[in-house]
Each structure stands twice: as C-alpha cells, then as structure tokens.
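Here is how the chains run, residue by residue.
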Amino acid sequence: MASNIVAESDDEQKSSMYEYRDREDSSESLSDTGGDLSDSESDSDEEQGASAVKQEPCRYYNSGKCKYGKKCKYLHVCKYHFKGKCKKGSNCPRRHSAASQSDSSSDEDDRGGRRTATPTETHDKPYKWQLNSGESWRDIANDHVLEAQYSLPGARGIKIYNTIYGAIDIDFNKMRIRKKKIRVQRKSFDDCGQETEWLWYCHGNNGWIEYGQKDSKGSATSLKSCDIEKEYQKKPKNFPKFTAGQTQYEINFKEMQQINLASGHKRRVVRRPKFTALQVKTGKTNLTSSSQQQHVSPGSTKPVWQFEGDSGKWYEFKHRFATDTESSVSSKEIEAKYQANPAGSMTFKAGRYKYMLNFSDMIQTNLASNKIRRIQRTMV
C-alpha cells in the first residue's frame, strides 16, 4: 500500500493524498481500535470442538486452562497482544504469533501453560495504522502523517486518497471508515524502545488545553495527563477528581466528559497519543518525540515551518521578494520536502546567503558562517 505524501494547502485538497479534518461538535469516543475485536467466545465448552480456527483469542488459553490444546478452534495467542496492548512484550508468557496450534508447539503451551518467552515481530515505532475489508489487516503506508493528525485533540478525521481500497475517510471520533465496510485500527507496540505516551485534553472556552497546562487565566489543573492516564489504566470506570483554582471537577471516562461538581457544567475530554516521528539514520531507526519534530497547537490542522530569530521569537518561512531577507522557499515547499523524507535535509537561499535545513536535528545552518538556528514544524 505504498503512497506518496503530498503537502496540502486549502486550494490543493483534491489532489492531495491526505485531507485533514479539524474539529467536530459531537462528543469524542477515544478507542485504540476500530471494528469488532472481541475477546468473548461461547460459554459452552462443547462448542470448542476441532474445526477451522476462528480469528479471535481463546479466553481459556489466556486463563491458562484450555483443555482442547491444538484442537481448539480459537486462536491461542495473547489477547492483549491481539489488540496491540500487551505491556509485557517479549516477556509475555502467552504467544504473540497468530500462527498458533502449530505442530512444533508443546502440548503445555497449547493448553495455556507458561512458556519461555521468545522474541517475535519487532516494530520501528510504537504504533501501526491498519485497514481490514474482511480478510486480514493491511498496513497503511506512511502512517506517520495519519498519526500526526490523530495526535491533535481537535482533529476529527482524515481522508486518504490512494489506498488499496481507493479513497477512504477515517472518522477519529468513532474510529471507523465513513461510507465503506472497512475497519480501521491503531495498534500500539512496546518493543521498539518507546511506548505511546497518552495525553489528555479538555475543550475550554479558548479551545483544547492539555491537563496540567496553564489556561488563559494562569491556572492549571491539579492532575496532569500522566496522572489521568494512570487512573484510566487502573480502572476505566473510575471518576478521578481534581481541582482548578477553587473549583472541583471530575472526569467521566465512559462519556469522556469533565464535570464541574458545583454547577454540573460538562466539557468534552479527549485522549490522544503524543506524536512520535520516525527517523532513519545510517541504517538504524531512531525515534524523535514531538517536542523536537513538531509543535502541536490544540485544534490545529495545518503544518507551518518556522525559524527562531535572535530575540527568541518564531517566524514563518516565506518568500520575501525584493528584501535583504528574500527567501527562496516557503513553508509549504519545506513541508513537501519533509513529507518526502522526514529524516532528510534541504538547502535554500535568503538574500545572499545559502542555508541548510536539517529535519532530523531541526536546525538551520548558515553554510558560510556555520551559524545555527532552531527550526520547528508547528500546526496552526
């Protein structure tokens, strides 16, 4: 499913490979996976006779007591890995391979007994976006662009034009494909050296704001994203309470709402991953966090490239014709180069000087004086 990523502007939507969708007024429903990935199976042991293996994990194997062993018609795989959420990785006592019930496996292994952990498939980033039309899950090429959009709290979806299923429209809120019988999922992995960091946002009067960050009045919530995520992982049915100024609130995980305990006023809450861009250096895969690669503004949808001035202020790359700082490239042109190779570089001229932009280190270098400035990719 290889695809070329083309940077998008407002007047190029129809020719772009990706079409970004910003915010939506309906409530958010944040789920890692789309479709019907159920752990459940028949309550009757008699229904587990030998037949074709069904594409869902065996709950008896996962509890360590499946009596059918190799003859079980359900998959003998870790139910958490099946959903892309196994925290134990290669140390998990359950299989992480869909090729279960093999002749080479031991009977103890097939019945759910603990096994010696062996490394399975490894991944170069902590996430993978996939599509399924009813046969098998297929990876989406260049899914770092999709992940970057999904990481924005105000983004409600994205349209991809050149998949093997043609143009598809992904709804982030319901994690589904609009108007097509195709499932979509975002799988998480922890075997690449970095786990997904989840951030929590609330929709305030001035847009989305991350928990723990100061609002326009200078006040911050007593809980940070990491605190809320711990509560969410511990018990999704909990209602964690916190304060902001003198006001007390609670979060309803099921409804994804923040509730003012004094007035009863409700606000929308979303849970989104912190964007992690992929780098490739000297044949090795490295990960760079969003703080280096991309500055994300809540409710943002359009990438803009900026450089840091002497005063510390950030300025957008623009064509400045007939000036001492006339630039040969614009932010849009830089984005196109970045999408073609996020770990690459490019040169340009500003006035009489020649510069190089290094996307991996996010710096601009004057090739005559070797003076370095920081650059950033921000979403506005």
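Residues numbered from 1 in each chain as written. Predicted model: local features only at pLDDT ≥ 70, side-chain atom pairs only at ≥ 80, totals over all residues. Heavy atoms only, no water.

## Comments concerning the state of the cysteines
1) Next: A complete count under the given rule lists zero disulfides for this structure.
2) Next: Looking at Cys58, it has no disulfide partner, and the nearest cysteine sulfur is the one in Cys66, 3.9 Å off. (Disulfide = S-S within 2.5 Å.)

## With respect to the sheet that holds strand β14 (residues 257-260)
1) Next: One open sheet holds the six strands; their spatial order is β11-β10-β15-β14-β13-β12, and the pairing between them is antiparallel. With partners counted over all chains shown, the strands left at the sheet margins are β11 (207-210) and β12 (241-244), one partner each. Here the strands of the sheet are splayed against their neighbours by 35 degrees on average, with no regard to which way each runs.
2) Next: Relative to strand β13 (residues 247-252), β12 is paired through four bridges, and the arrangement is antiparallel. Bridge assignment links Thr243 to a residue of β13, and that residue is Gln248.
3) Next: Each of β10 (198-204), β11, β13 and β15 (266-273) touches helix α5 (residues 225-234); the most contacted strand, β10, lies at about 110 degrees to it. (Pairing = 2+ DSSP bridges. Helix = DSSP H or I, 4+ residues; strand = E, 2+ residues; numbered from the N terminus. Axes fitted to C-alpha atoms, helices over the stretch in contact; angles between N-to-C directions. Contact = heavy atoms within 4.5 Å.)

## Topic: the environment of Pro126
1) Next: Secondary-structure assignment places Pro126 in the loop between α3 (107-110) and β4 (127-132).
2) Next: Under the relative-accessibility criterion, Pro126 is labelled buried at 1%.
3) Next: Pro126 sits 67 residues away from Gly193 along the chain, and the two C-alpha atoms are 8.2 Å apart. (Buried < 20%, exposed > 50% of the residue type's maximum accessible area, 1.4 Å probe, protein only.)

## A few points about the side chain of Gln185
1) Next: If you trace the backbone, Gln185 turns up in strand β9 (residues 183-188).
2) Next: Under the relative-accessibility criterion, Gln185 is labelled buried at 1%.
3) Next: At 2.6 Å, the side chain of Gln185 forms a polar contact with the side chain of Gln130. (Polar contact = N/O pair within 3.5 Å; in protein donor to acceptor, adjacent residues only side chain to side chain.)

## Considerations on the pairing of strand β23 (residues 363-366)
1) Next: Side-chain alternation along β23 places Ile363 and Thr365 on one buried face and Gln364 and Asn366 on a second face that is also buried.
2) Next: Note that strand β22 (residues 353-358) and β23 share four bridges and pair antiparallel. Of the residues in β23, the one forming a bridge with Met356 is Thr365.
3) Next: Between β22 and β23, which pair antiparallel and follow one another directly, the connecting turn spans four residues, one of which, Met362, has a positive phi of 55 degrees.
4) Next: As judged from the three bridges shared by β23 and strand β24 (residues 372-379), these two strands associate in the antiparallel manner. Within β24, the residue paired with Thr365 across the bridge is Ile372.

## So, the environment of Arg271
1) Next: Position of Arg271 among the secondary structure elements: in strand β15.
2) Next: As for Arg271 and Trp200, which are separated by 71 residues in sequence, their C-alpha atoms are 4.6 Å apart.
3) Next: Among the polar contacts made by the side chain of Arg271, one reaches the side chain of Glu229 at a distance of 2.9 Å.

## A few points about the sheet that holds β9
Two modes of strand pairing occur in sheets, parallel and antiparallel, and in both the strands are linked by backbone hydrogen bonds.
1) Next: Spatially, the three strands line up as an open sheet ordered β5-β4-β9, and their pairing is antiparallel. Only two strands of the sheet have a single partner each, and these edge strands are β5 (138-139) and β9.
2) Next: When β4 meets β5, the two strands line up antiparallel, connected through two bridges. Residue pairing for β5: Leu131 is matched across the bridge by Arg138.
3) Next: Packing against the sheet, helix α4 (residues 143-150) makes contact with β4 and β9, and its axis sits at approximately 105 degrees to β4.

## Observations regarding the nonpolar core
1) Next: Counting residues in each nonpolar core, the largest one holds 21 residues, and the members touching the most others are Trp129, Leu131, Leu146, Ile168, Ile170 and Phe172.
2) Next: Broken down by secondary-structure element, the contributors of at least two residues to this core are β4, α4, β6 (157-163) and β7 (166-171).
3) Next: One finds Phe317, Ile334, Phe348 and Ala350 within the second-largest nonpolar core, a separate group that totals 14 residues. (Core = buried A, V, L, I, M, F, W, Y, C linked by side-chain atoms within 4.5 Å.)

## Some points on the packing of aromatic side chains
1) Next: All told, the structure shown has 15 aromatic pairs when counted by the stated rule.
2) Next: With 5.3 Å between their ring centres and 50 degrees between their planes, Trp305 and Phe359 make a pair best called tilted. Separated by 54 residues along the polypeptide, Trp305 in strand β19 (residues 303-308) and Phe359 in the loop between β22 and β23 bring together distant segments of the chain.
3) Next: Look at Trp305 and you get buried, because its relative accessible area is 0%.
4) Next: The interplanar angle of 85 degrees and the centroid separation of 5.6 Å between the aromatic rings of Tyr338 and Phe359 together place this pair among those described as edge-to-face. Here Phe359 lies in the loop between β22 and β23 and Tyr338 lies in helix α7 (residues 331-340), a separation of 21 residues in the sequence. Just as Tyr338 is buried, Phe359 falls in that class too.
5) Next: The rings of Phe307, Tyr315, Phe317, Phe348 and Tyr355 are connected pair by pair, giving a single aromatic cluster.
6) Next: The ring of Tyr61 is capped by Arg94, whose NZ or CZ atom sits 5.7 Å from the centre of that ring.
7) Next: Lying over the aromatic face of Tyr127, Lys125 brings its terminal NZ or CZ to 5.4 Å of the ring centre. (Phe/Tyr/Trp six-rings, centres within 6.5 Å; stacked < 30°, edge-to-face > 60°. Lys NZ or Arg CZ within 6 Å of the ring centre and 35° of its normal.)

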